[in-house]
Amino acid sequence: YATSGNPSSNLLDDYEEGTWTPTLFGGTTAGSYSYEAVRTGGKYTKIGNLVYIEAVLRISSISSAGAGTLNFGGLPFTFGSNPASAWNAGRGIQITHYGAGSNSSVGDYPPPFLCIGTPSSSTILVVSYGKNYSVTTDITDLSSTSWIYQIAGCYQV
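Once a new chain begins, its residue numbering starts again from 1 and follows that chain's sequence as written. Reporting of local features is limited, given that this is a predicted model, to residues whose pLDDT is at least 70; pairs of side-chain atoms are given and counted only at 80 or more, and all residues count toward the totals for whole chains, interfaces and linings. With hydrogens and water excluded, all non-hydrogen atoms of the structure serve as input to the side-chain values.

Asker: What is the right way to read the environment of T21 from this model?
Answerer: A run of H or I in DSSP counts as a helix once it spans at least four residues, and a run of E counts as a strand once it spans at least two, with each numbered from the N terminus. In this structure, T21 sits in the loop between β1 (15-20) and β2 (23-26). For T21, a relative accessible area of 52% translates into the label exposed. Measuring from C-alpha to C-alpha, the distance between T21 and T40 comes to 7.1 Å, with 19 residues separating the pair along the chain. Sequence-distant contacts of T21, that is, excluding residues within four places in its chain, are made with G73 and G74. The rule is simple: take the accessible area with a 1.4 Å probe, protein chains only, and divide by the maximum for that residue type; under 20% is buried, over 50% is exposed, in between is partly exposed. In this analysis, two residues are considered to be in contact whenever any of their non-hydrogen atoms come within 4.5 Å of each other.

Asker: I would appreciate a short explanation of the pattern of salt bridges in the present structure.
Answerer: Where side chains of opposite charge bring their charged atoms close, a pairing between them can arise. Salt-bridge detection follows one rule: a side-chain nitrogen of Lys or Arg within 4 Å of a carboxyl oxygen of Asp or Glu. Enumeration according to the criterion identifies 3 salt bridges in this entry. Here D14 and K46 are joined by a salt bridge, their closest N and O atoms 2.5 Å apart. Here D14, found in the segment before β1, pairs with K46, found in strand β4 (residues 41-47); they are 32 residues apart in sequence, far enough to count as distant. By relative accessible area, which is 27% here, D14 ends up partly exposed. With a shortest N-O distance of 2.6 Å, E36 and R39 are connected by a salt bridge. A relative accessible area of 40% means that R39 is categorised as partly exposed. Taken together, the shared-partner salt bridges in this structure form one network comprising E36, R39 and R58.

Asker: What am I meant to see in a nonpolar patch on the surface here?
Answerer: A cluster of nonpolar residues, L12, Y15 and I47, forms a patch on the protein surface that exposes about 330 Å² of accessible area. For Y15, the position within the fold is in strand β1. Residues enter patches when they are more than 30% accessible in relative terms and free of salt bridges; like-charged ones are connected within 9 Å and nonpolar ones (Val, Leu, Ile, Met, Phe, Trp, Tyr) within 5 Å. With residues, only the protein chains shown are counted as cover, and all accessible areas are computed by Shrake-Rupley using a 1.4 Å probe.

This is the structure in structure tokens:
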């Protein structure tokens, strides 16, 4: 509601809800992963230029492991411009992970993780923080199945 000026420029006329499907890939070599359908999926809410996402992804089998940095794709919208020239978008998104069943290497990288996006991209790079400041997660550690990732946060389009 606007009391003066141009009322139409102050209206909230961009609201959307929907679903999206996260994917996982390596930054150097993508790899080939299968996901458990009943434990993989996501939802989003977009209000204006802000998107809130949440999702879960569970690896059920690995045909060929990727290499390099850990990345997630399939975001419902591409990132907008960086908030500052030396700061990447997407830092409002966090990832946690845990192993199911006999996966014993889950403790190698203590969660949660922080995501970095780049303008016009619908993928995020995962880096660790806290104990391991700015240490990029290595996808080659995903040598076993039953990894479960939870993704949640917001970013600007």
